[in-house]
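Below are the chains, spelled out letter by letter.
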Amino acid sequence: MVLFQLLAFKEDENSAMPFIKVAITVACYLITLFLMPPLTAVFGMHAGPVQVIVTESLMLLAVLILNRLYIKQHIRLLPTNTMSELRKNGVPLGLTIIVLLIFFRNHLNQFLISLLLSLIVAITEEYTFRGIIFTTLLSRCLKQFTTIRATIAAMIAAALIFAAMHLTNLLSQPVWSVFCQVLYVIGLGLLLAAIYLITGNLLGAIGVHWLIDFSSFYSQGVNSVPSVINGPVEALLKGLFLDALFIGIATFILISKRWKLLHLLDNENKIGR
């Protein structure tokens, strides 16, 4: 609490405070990421899905507390009409869940683990990198640049930070694999920011992130045959292709200029035009 009080001084238009908040958020994320595995190992949770789920859950709790006490960025996880939509689409949603359970019945355990793991990762990363970091950078950039320049600058900066966090995989993966992963994640970060920008809430970004991670976690768990894309050149080509795809979709979204997030930020008087 003392740290939060010391840092919470009044910021003006030229203040570096938003960047300090971003740096503190990144530090909180990294500290939790590196501390949790050895701490969970003490309680018998060795490397595996359970340890990852516990670690991601504690990381989400850490950034939630940080945002509540210090960052104070208002983040919308769901659209305002969520309950109304659930009531109208409850039956189709229930039938979809039943169909999925039947379709994946031969690998139900792996399906449920992959579902939970990918969901908690998606929520944690979207809340941290789009909800806190991207929104904080966007609010700051809009005070200095035009709307388009500020939006693009904030998207690129947040995507680079998101990609840089994946460099931690160098501890367990080959350099070429991590490089290709970082390349691909830059495009993904831009796409997820564009989705958040146009919807004004994190549900869409979480959904896309969850689908991508779920397909990866589930396929790795049930496939005993090595992936066809298992070399540096193949991985690089895959990364470039996905990057182009994600950036293309993000560009298409931005062209619409229906950026609901900007209107919501304006309504909260967080942006000085």
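Residues numbered from 1 in each chain as written. Predicted model: local features only at pLDDT ≥ 70, side-chain atom pairs only at ≥ 80, totals over all residues. Heavy atoms only, no water.

**Thoughts on the overall build of the chain**
Item 1. If you tally the helices and strands in the chain, you get ten helices and zero strands.
Item 2. N-terminal to C-terminal, the α/β element order of the chain is α-α-α-α-α-α-α-α-α-α.
Item 3. Taking all 273 residues of the chain together, the buried fraction comes to 40%.
Item 4. For the chain, long-range pairs separated by at least 24 residues make up 79% of all intrachain contacts whose partners lie at least 6 apart in sequence. (Helix = DSSP H or I, 4+ residues; strand = E, 2+ residues; numbered from the N terminus. Buried < 20%, exposed > 50% of the residue type's maximum accessible area, 1.4 Å probe, protein only. Contact = heavy atoms within 4.5 Å.)

**Overview of a nonpolar patch on the surface**
Item 1. On the surface, a nonpolar cluster with roughly 480 Å² of combined accessible area is contributed by Phe-179, Val-233, Leu-236, Leu-237 and Leu-240.
Item 2. Per element, the largest residue contribution to the nonpolar patch is four residues, and it comes from helix H9 (residues 232-256).
Item 3. Assessed through its relative accessible area of 51%, Phe-179 is described here as exposed. (Patch = residues over 30% accessible without salt bridge, like charges linked within 9 Å, V, L, I, M, F, W, Y side chains within 5 Å. Areas by Shrake-Rupley, 256 points an atom, 1.4 Å probe, with all protein chains shown as cover. Salt bridge = Lys/Arg side-chain N within 4 Å of Asp/Glu carboxyl O.)

**Details of the pattern of salt bridges**
Item 1. One pass over the full model with this rule turns up one salt bridge.
Item 2. Note that Arg-130 and Glu-126 form a salt bridge whose closest N and O atoms lie 2.7 Å from each other. Of the two residues, Arg-130 and Glu-126 are both situated in helix H5 (residues 108-141); the distance of four residues between them amounts to about one turn of the helix.

**A short note on unusual backbone geometry**
Excluding glycine, a negative phi dihedral is what most residues carry, and trans is how most peptide bonds are arranged.
Item 1. Even without being glycine, Lys-72 reaches a positive phi, approximately 60 degrees.
Item 2. Tracing the chain through its elements places Lys-72 in the loop between helix H3 (49-71) and helix H4 (82-103).
Item 3. Looking at Lys-72, the relative accessible area reads 59%, which means it is exposed.

**With respect to the confidence of the model for the chain**
Item 1. On average, residues of the chain score 83 in pLDDT, and 86% of them reach the 70 mark or higher.
Item 2. Per-element mean pLDDT across the chain ranges from 41 in helix H1 (residues 2-7) up to 94 in helix H6 (residues 147-165). (pLDDT = per-residue confidence, 0-100.)

**Observations concerning the nonpolar core**
Item 1. The biggest cluster of nonpolar side chains holds 59 residues, and the ones touching the most others in it are Ile-133, Phe-134, Leu-138, Met-155, Leu-197 and Leu-261.
Item 2. Of all the secondary-structure elements, those providing two or more residues to this core are helix H2 (17-42), H3, H5, H6, helix H7 (175-199), helix H8 (203-222), H9 and helix H10 (260-267).
Item 3. Counting residues per element, this core draws most heavily on H7, at 13 residues.
Item 4. Leaving out residues up to four positions away in the same chain, Ile-133 has contacts with Val-22, Thr-25, Val-26, Thr-128, Ala-158 and Ile-161. (Core = buried A, V, L, I, M, F, W, Y, C linked by side-chain atoms within 4.5 Å.)

**Let's talk about the side chain of Thr-124**
Item 1. Note on placement: Thr-124 falls in helix H5.
Item 2. Polar side-chain contacts of Thr-124 include one of 3.2 Å to the backbone oxygen of Glu-56.
Item 3. Dropping the residues within four chain positions of it, Thr-124 is found in contact with Tyr-29, Glu-56, Met-59 and Leu-60. (Polar contact = N/O pair within 3.5 Å; in protein donor to acceptor, adjacent residues only side chain to side chain.)

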